[in-house]
Each structure stands twice: as structure tokens, then as C-alpha cells.
Amino acid sequence: MYQRLRTFLFVGPGLAWLTFFMVVPCLLVFLYSFFERGVYGGIVYDFTFENFDRAFDPLYLAILLKSAKIAGLATLIALLIAYPAAYAIARAPAQRQPVYLFLVMLPFWSNYLIRTYAWIVMLNREGLINRALLDFGLVGEALPLLYNEASVVTGLVYNYVPFVILAIYSSISRLNPEIAEASEDLGAPSYKTFLRVILPLTLPGIAAGAVFVFVLSIGNFITPDLLGGGRVQMVGNLIYDQFLEARDWPFGSALSLILIGVMMCLLFAQAVAVNRSAEGTR
Amino acid sequence: MKKTAFAKKLLAGAPAAVLALGLGPAAAQTLVISNWDGYMPADMAEQFEAETGISIDVANHATNEEIMGKVTASGGKGYDVIFVSSPFAEALDKLGIAAKLDHSMLPNMENLYPEARELSYDEGLTFSMPYAWGTTGLCYRSDLVSEEPDSWMDLLDPSDDLAGKVTMLSTDRWMIGAAALAKGYSVNVTEEEKLTEVKDLLVSAKEDLLAYDDTTFYSKLVSGEASLVHAWDGWCNYGIAENADIKYTIPSEGTDLWVDTMVVMESSENKEAAHEFINYILGADTHKWVVENILYKVPNKASMEALDASMVETYPNLGMEPAAMLEYEMLRDVGNAQKDYSRLKTEVMSAQ
């Protein structure tokens with residue numbers, strides 16, 4: 001009895017938090033997605049599947065696919081930048097590693113919005129990069145670097161790369177160096193050691209970093225809004241617009257549910273990948 | 001302007017002043033007001049409190065749609081006075097969210113232009129009070145365009161040297177308004193076929209657009225990132241203030257006349273204080289002070305006539321007379337077609 005009470009006291013606050021701020025709002029989103037919108041906003045309680053029907057219209061499906069493409073590209077580039085960096089940090093002398101990790105985290109001391117806005121200053125027609133290119137005579141007229149998919153990907157990669165470095169670093173630093181030595185002692189060239197031994201063993205870190213970037217990118221709306229200039233719409237902007245501009249909460253809810261579904265599938269896939277690799281090392 | 005300039009003073013308000021207003025001893029009240037960020041002088045709340053003892057809690061909204069979403073969801077609860085454009089005020093009245101105004105508490109109404117009291121969306125100003133009014137047009141860098149723009153098509157299908165250097169408003173009423181005017185339709189168009197044509201034009205216009213921008217377009221002109229932007233006249237003035245080469249023009253196809261209004265919420269428990277606030281704004285000096293701060297025209301004859309002549313010289317569109325403005329079509333509530341409008345806008349924004 002006492003045991004039960006104690007468990008309840010420990011778990012209670014967290015459970016209440018999750019119930020009120022996670023389960024209830026999610027249920028509301030779920031319920032709203034089956035009703036109709038009012039003309040000026042609000043919900044009209046008439047049951048309908050129209051919102052889901054509309055969400056799978058080719059127009060919006062294309063946005064979902066484009067968001068996945070942008071998020072996928074950001075993930076890939078972030079991994080390519082982060083893996084060598086994480087590897088280098090993990091192989092650096094032990095006393096210097098905290099310094100390097102500190103430097104990786106340093107950008108987080110400034111606000112996300114400011115870091116994103118700084119890219120506008122660099123990329124716009126009259127921005128730093130175009131000025132430099134023009135001054136050195138490398139281009140005849142200013143390049144359209146801003147307000148396209150490339151600038152959105154740039155912004156996403158820039159903001160999320162530190163997380164990926166940390167995730168992969170923790171994976172690499174936990175690696176027993178003797179395993180790689182054994183591989184080389186047995187005659188494997190170093191590229192083979194990397195591909196067949198190190199890479200598979202650090203897969204959990206890669207998966208964690210990748211899912212992190214992908215999930216945060218696909219739902220992001222600030223970066224596409226600022227760096228895409230409203231011309232590049234991602235599903236996050238679409239949802240944002242439904243709640244704040246179009247006042248179509250039911251449609252926004254339906255889109256949110258679909259996005260939550262996609263994210264859950266990815267997190268599940270990541271969990272499976274981590275499990276597999278854990279089994280593999282046994 | 002910074003939101004932080006309006007310190008929250010929840011329990012402020014001198015009891016004596018409240019008593020003097022005859023609002024009862026229990027009413028140490030705070031008015032909750034929602035306005036566009038930067039659309040009134042930064043220290044307005046402090047000035048008002050110093051004068052009346054009523055404190056104001058200012059919330060900001062970025063767009064009409066945002067505040068409409070909040071207010072329709074809550075039936076207006078949580079706000080006392082909100083600032084919205086005329087078609088939205090009309091909608092709030094239809095929804096029963098807007099309170100009827102008691103003109104006996106608004107003696108400063110006599111400062112208004114006679115024209116401003118007979119606006120088609122609210123004749124006699126029964127539920128809304130005009131705060132600022134103006135037109136929507138083209139704001140451009142006269143030193144960067146090869147010829148002066150004079151048509152909405154200069155924005156929607158720009159010449160080669162302007163392609164990629166124009167921005168458009170993304171708020172549904174004005175985004176649709178630009179294309180509707182270009183097609184020769186009403187800014188309140190509701191017919192399905194016409195809206196389809198409008199949508200097609202807007203989707204094709206997207207190709208030559210630098211960005212959609214409702215808030216920083218004038219700074220894009222100042223920096224030279226954009227050469228021609230879709231703008232409200234007052235906001236073009238913000239650019240003119242920084243660069244005298246920036247000019248404002250109304251395209252030959254016409255424009256809309258919009259009025260930004262103050263609406264009291266029917267659910268408000270501080271209706272008297274809310275009227276007090278509106279009456280304060282309509283004061284000749286206050287409303288003139290508003291013009292000097294936000295650079296938009298106000299429908300207040302006494303304030304506009306007291307305006308320094310150099311202001312009109314610097315910002316020519318401030319000198320536009322009410323009669324000239326009223327030649328253009330008034331932006332009205334489109335009723336059920338509002339659903340089509342927001343859907344159309346979503347589809348344009350989503351088009352690849």
C-alpha cells in the first residue's frame with residue numbers, strides 16, 4: 001500500500017503534466033480535424049472527413065513531399081558535415097575535447113530567430129556574399145541567393161548541425177578503440193575498418209542525429225518563412241497559416257495529425273535501428 | 001517600436017480618478033487592447049493612464065486574420081477594444097461580437113470628417129470607430145525603375161528588369177484585391193469563375209516575386225533588395241522617411257479604400273472605459289500625434305488640418321482628401337465567400 005502511494009506521488013506530477021499538456025491537446029487536435037470551420041474562424045460541430053480529403057489533394061501532398069525533400073536534404077548535408085567533425089573531436093586529445101564541444105554549442109547562446117535573420121543579411125541581393133562577389137568581379141550582377149529552397153536548406157543545416165555533431169560524438173567516443181585496432185591487426189585497410197566496423201557501430205548516433213534534424217526540419221516554419229520569403233512553403237507554414245491566417249482550425253488539425261503520424265513512424269524506425277545495432281554488437 | 005515599451009501595469013490606476021469617472025470603487029480596471037504592432041505611439045498607454053487613471057494592457061497582432069481567429073474562438077472574451085480593418089469589423093458585428101457604440105460617451109466624434117461618419121460598411125458608426133484610413137498601391141524606388149509604374153500588372157507581371165525584385169502582400173483581402181483590380185473586377189468579388197481567374201493570375205505572378213511580405217517590404221526597398229512593392233500608403237511612408245527616392249502611386253485600375261477601426265467587444269466588462277479610450281484617441285491632439293507617429297492618414301478633420309505642412313510635403317499621400325479617397329471602392333465583408341478567400345490564398349501560397 002505504502003509502496004503504491006509512493007509510486008503515485010513520484011509519478012503523479014509528471015503524469016498530470018503529460019495528461020493536461022500533451023494528451024488533452026492532442027485529443028483536441030484529433031477531434032477538431034473531423035469538424036467544419038466557421039466562416040470567420042472557430043469550429044462548427046458538423047462531422048466530416050473533408051479535411052483529410054483535402055489534405056490528400058495533390059496540391060498539399062506536393063507540399064508534404066517538398067517538405068520531406070527539404071528536410072531530407074538538410075539531414076543529409078548535416079550528416080556529411082557533422083560526422084567528420086564529430087570524428088575529429090572524438091579523436092582529439094581528451095583534455096581538448098570539452099573545448100571543441102563548447103565551441104560547437106556556442107551558437108546556441110544567441111536566439112534562433114537572430115541566427116536565422118543573420119543569413120538574410122548575408123544572402124540578400126545587397127548582402128555580404130553578393131557584395132563580395134561583385135567587388136571581386138566574380139559575377140556580373142547580384143545572384144538570387146535568398147528566398148529559395150537552397151537558402152531554406154542552408155538555414156536548417158546551420159541551425160541543426162551542432163545537435164548532430166553531439167549525437168554522433170557521443171556514439172564515437174563510446175566506441176572501444178581496441179575494436180578498430182583488432183580490425184587493422186587482422187589486415188583490413190583503414191577505409192574498410194571504417195565502413196565495416198566503425199560506421200555500423202556508430203549508427204545509433206547517426207540515426208539519432210538524423211531523425212532529430214529531419215523531425216525538426218519538416219515541421220519548421222520560421223526558417224522557410226524568413227529565408228524562403230513565403231514563396232517556399234513547407235507543411236509547417238501551411239499549418240501555421242491555417243491557424244493564424246486562414247482561420248481554418250479543422251484543416252490545420254488534420255494536417256497536424258498527418259505530420260505527427262509521419263514523425264511517429266520515423267521515431268519508431270529510429271528505435272528499431274538502434275535495437276538492431278545493439279543486438280549486432282552482442 | 002517595441003512591445004516591451006508597454007509595461008504591463010495590471011493593478012495600476014488611481015482609485016480617485018476611477019471614482020471621478022463614476023465607475024464605482026471596485027473598478028481598478030485594466031483595458032485589454034489589441035492593435036497591430038507599432039500602429040500607435042509607443043507611449044500611448046502611459047499617456048492615457050496619466051490622463052484618465054485607466055491602465056491599458058496592450059496585446060499586439062500581426063494581421064487581421066490573427067486577431068479574428070482569437071476573437072471568434074473566444075467570443076471576444078479577454079479583450080475590450082480591438083483594432084481591425086473595416087470588413088472584419090463588419091463581420092464582428094454580424095457575429096454579435098462587436099458592441100453597439102454609445103455616441104453620448106464619444107463627444108470627440110465631432111472631430112471626424114463628415115464623410116467618415118457615413119462609411120458604407122457602418123453608416124452612422126454604430127459598432128466601429130474609424131482610426132486610420134487609406135489606400136493600397138505601389139511603393140517603388142523611382143531611381144531603380146526604368147519607368148514609373150501605373151498598373152497592377154507592373155506588379156503581377158513585371159518587366160524583365162523588375163522580375164524578382166517585387167514583393168506582394170499576402171493578407172488575403174489585399175492579395176486578391178490586387179489581381180481582382182488588374183482584371184477589372186471589384187475588390188469584393190465573390191463569383192467563383194472570377195475568383196478562379198484571380199487565382200490563376202496570382203499563381204503566375206508568384207514566379208517573378210522576390211517574396212511575400214506584409215511587414216518589412218519598405219525596408220526591402222530601402223536596402224535595394226526590392227524595387228517595387230505592394231504596399232499600404234502609410235507603410236510606404238516608412239520607406240520615404242529613410243529614402244526620398246521612394247514614391248507611392250495608385251495604379252490606373254484603381255484601389256480599395258480600407259478603414260482600420262476600433263471595435264468594442266460585446267463581452268467587455270469595461271465598456272465605459274473602452275469608450276473613454278476611443279474618445280481619447282479621437283481628441284484632435286491625440287489623433288494628430290497618432291499621424292505623426294504612424295504616418296497614416298486619420299479620418300479626423302481637426303487633426304489633419306492641424307498637421308504641419310512639412311509632413312504633407314514629405315509624405316504626399318498624407319495630403320489625399322477624403323473625397324478623392326471615397327472615389328475608390330470600399331473594402332467590404334464578403335460573408336461566406338471569406339472561406340473561399342482564405343482557401344484561395346492558401347492555394348496560391350502552396351502552388352509550386
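Further up the page is the structure itself.
Residues numbered from 1 in each chain as written. Chains lettered and ligands numbered in written order. Predicted model: local features only at pLDDT ≥ 70, side-chain atom pairs only at ≥ 80, totals over all residues. Heavy atoms only, no water.

## Topic: the overall build of chain A
Here comes step 1: Counting secondary structure elements, chain A contains 13 helices and two strands.
Here comes step 2: Considered along the principal axes of its C-alpha atoms, chain A spans approximately 80 × 70 × 35 Å.
Here comes step 3: The proportion of buried residues among the 282 residues of chain A is 42%.
Here comes step 4: Considering only residue pairs separated by 6 or more positions, chain A has 65% of its internal contacts joining residues 24 or more positions apart.
Here comes step 5: As displayed, chain A offers around 15600 Å² of accessible surface, 71% of which is attributable to carbon and sulfur atoms.
Here comes step 6: Of the side-chain charges in chain A, 18 are positive and 18 negative, and the distance between the mean point of each set is 8 Å. (Helix = DSSP H or I, 4+ residues; strand = E, 2+ residues; numbered from the N terminus. Buried < 20%, exposed > 50% of the residue type's maximum accessible area, 1.4 Å probe, protein only. Contact = heavy atoms within 4.5 Å. Areas by Shrake-Rupley, 256 points an atom, 1.4 Å probe, with all protein chains shown as cover. Lys, Arg positive; Asp, Glu negative; His and termini not counted. Charge placed at Lys NZ, Arg CZ, Asp CG, Glu CD.)

## Observations concerning a nonpolar patch on the surface
Here comes step 1: Together, Trp17(A), Leu18(A), Phe20(A), Phe21(A), Met22(A), Val23(A), Val24(A), Leu27(A), Leu28(A), Phe30(A) and Leu31(A) make up a nonpolar patch on the protein surface, roughly 1100 Å² of accessible area in all.
Here comes step 2: By the element assignment, Phe21(A) lies in helix 1 (residues 2–32). (Patch = residues over 30% accessible without salt bridge, like charges linked within 9 Å, V, L, I, M, F, W, Y side chains within 5 Å. Salt bridge = Lys/Arg side-chain N within 4 Å of Asp/Glu carboxyl O.)

## Digging into the nonpolar core
Here comes step 1: Of all hydrophobic cores here, the largest spans 110 residues; its most connected members are Met129(B), Tyr131(B), Leu202(B), Met262(B) and Phe277(B).
Here comes step 2: Apart from residues lying up to four places away in sequence, Met262(B) is in contact with Val81(B), Ile82(B), Phe83(B), Phe127(B), Ser128(B), Met129(B), Pro130(B), Tyr131(B), Phe277(B), Ile278(B), Ile281(B) and Leu282(B).
Here comes step 3: Counting residues in hydrophobic clusters, the runner-up holds 31 residues, among them Ile70(A), Tyr83(A), Ile89(A) and Ala180(A). (Core = buried A, V, L, I, M, F, W, Y, C linked by side-chain atoms within 4.5 Å.)

## Some words on the packing of aromatic side chains
Here comes step 1: Under the counting rule described, the total for this entry stands at 36 aromatic pairs over all chains.
Here comes step 2: When the centroid spacing of 5.6 Å and the interplanar angle of 70° are considered together, the rings of Trp119(A) and Tyr158(A) count as edge-to-face. Residue Trp119(A) is found in helix 5 (residues 112–123), and its partner Tyr158(A) is found in helix 7 (residues 149–173); the two are separated by 39 residues along the sequence.
Here comes step 3: Summarising the aromatic geometry, the rings of Phe83(B) and Tyr131(B) are spaced 4.8 Å apart at their centres and angled 85° between planes, so their arrangement reads as edge-to-face. (Phe/Tyr/Trp six-rings, centres within 6.5 Å; stacked < 30°, edge-to-face > 60°.)

## Considering the side chain of Asp122(B)
Residue and element names in this part refer to chain B.
Here comes step 1: With respect to the helices and strands, Asp122 occurs in strand 5 (residues 122–123).
Here comes step 2: Among buried Asp, Glu, Lys and Arg side chains, Asp122 stands out as unpaired, with Lys100 the closest opposite charge at 6.9 Å.
Here comes step 3: Within the structure, Asp122 has its side chain in polar contact with the side chain of Thr126 (distance 2.9 Å).
Here comes step 4: Within the structure, the side chain of Asp122 is placed 2.8 Å from the side chain of Ser128, a separation counted as a polar contact.
Here comes step 5: Apart from residues lying up to four places away in sequence, Asp122 is in contact with Arg117, Phe127 and Ser128. (Polar contact = N/O pair within 3.5 Å; in protein donor to acceptor, adjacent residues only side chain to side chain.)

## Describing the side chain of Thr261(B)
Residues and elements named next belong to chain B.
Here comes step 1: Take Thr261: it is sitting in strand 11 (residues 256–264).
Here comes step 2: Using a relative accessible area of 0% as the deciding quantity, one classes Thr261 as buried.
Here comes step 3: In contact with Thr261, other than residues within four places in its own chain, are Ile82, Phe83, Val84, Ser86, Ala89, Tyr121, Ser128, Met129, Pro130 and Tyr131.

## Describing the pairing of strand 3 (residues 81–85) of chain B
All names here are of chain B.
Here comes step 1: Within strand 3, five of the five residues are buried, leaving the element largely enclosed by the surrounding structure.
Here comes step 2: The alternating pattern of strand 3 places Val81, Phe83 and Ser85 on one face and Ile82 and Val84 on the opposite face, and all of these are buried.
Here comes step 3: As paired strands, strand 1 (residues 30–36) and strand 3 are joined by two bridges and run parallel to one another. Paired with Ser34 across the strands is Ile82, a residue of strand 3.
Here comes step 4: Summarising the sheet, strand 3 and strand 11 pair through five bridges and their orientation is antiparallel. Of the residues in strand 11, the one forming a bridge with Ile82 is Val263. (Pairing = 2+ DSSP bridges.)

## Description of helix 1 of chain A
Here comes step 1: For helix 1 of chain A, spanning 31 residues, the distance from its first C-alpha to its last is 42 Å, which sits close to the expected 45 Å at 1.5 Å a residue.
Here comes step 2: By the largest-angle criterion, Val11(A) marks the main kink of helix 1 of chain A, which is about 45°, and a proline, Pro13(A), follows within four residues. (Expected span 1.5 Å × (residues − 1). Bend = angle between axes of the 7 residues up to and from the residue.)

## A closer look at the state of the cysteines
Here comes step 1: Summed over all chains, the structure comprises one disulfide over all chains.
Here comes step 2: Bridging Cys139(B) to Cys236(B), the disulfide has an S-S length of 2.1 Å. On the sign convention where negative is left-handed, the bridge of Cys139(B) and Cys236(B), at about 85° about the S-S bond, is right-handed. Here Cys139(B) is found in strand 6 (residues 129–141), whereas its partner Cys236(B) is found in helix 9 (residues 233–242), with 97 residues between them in sequence. For the pair shown, Cys139(B) and Cys236(B) are each scored as buried.
Here comes step 3: Looking at the unpaired Cys26(A), the closest cysteine sulfur is the one in Cys265(A), lying at 15 Å.
Here comes step 4: Overall, the relative accessible area of 34% leaves Cys26(A) in the partly exposed class.
Here comes step 5: Under the relative-accessibility criterion, Cys265(A) is labelled exposed at 55%. (Disulfide = S-S within 2.5 Å.)

## Regarding helix 4 (residues 97–105) of chain A
Two residues of an α-helix separated by three or four positions point the same way, owing to the 3.6 residues in each turn.
Residues and elements named next belong to chain A.
Here comes step 1: Residues Gln97, Leu101 and Val104 constitute the buried set of helix 4. Buried residues of helix 4, seen end-on, are gathered within an arc of 55° and therefore sit on one face of the element.
Here comes step 2: Elements in contact with the buried residues of helix 4: helix 3 (58–91) and helix 7. (Arc of directions from axis to C-beta.)

## Topic: the pattern of salt bridges
Here comes step 1: The full count for this structure, using the stated rule, is 19 salt bridges over all chains.
Here comes step 2: As a salt-bridge pair, Arg131(A) and Glu126(A) come within 2.9 Å of each other at their nearest N and O atoms.
Here comes step 3: Given a relative accessible area of 35%, Arg131(A) falls into the partly exposed group.
Here comes step 4: Lys194(B) serves as the salt-bridge partner of Glu191(B), at 3.6 Å between the closest nitrogen and oxygen.
Here comes step 5: With relative accessibility at 36%, the residue Glu191(B) sits in the partly exposed group.
Here comes step 6: Given the relative accessible area of 26%, Lys194(B) is considered partly exposed.
Here comes step 7: Each of Glu50(A), Lys199(B), Arg343(B) and Glu347(B) takes part in a single network of salt bridges with overlapping partners.

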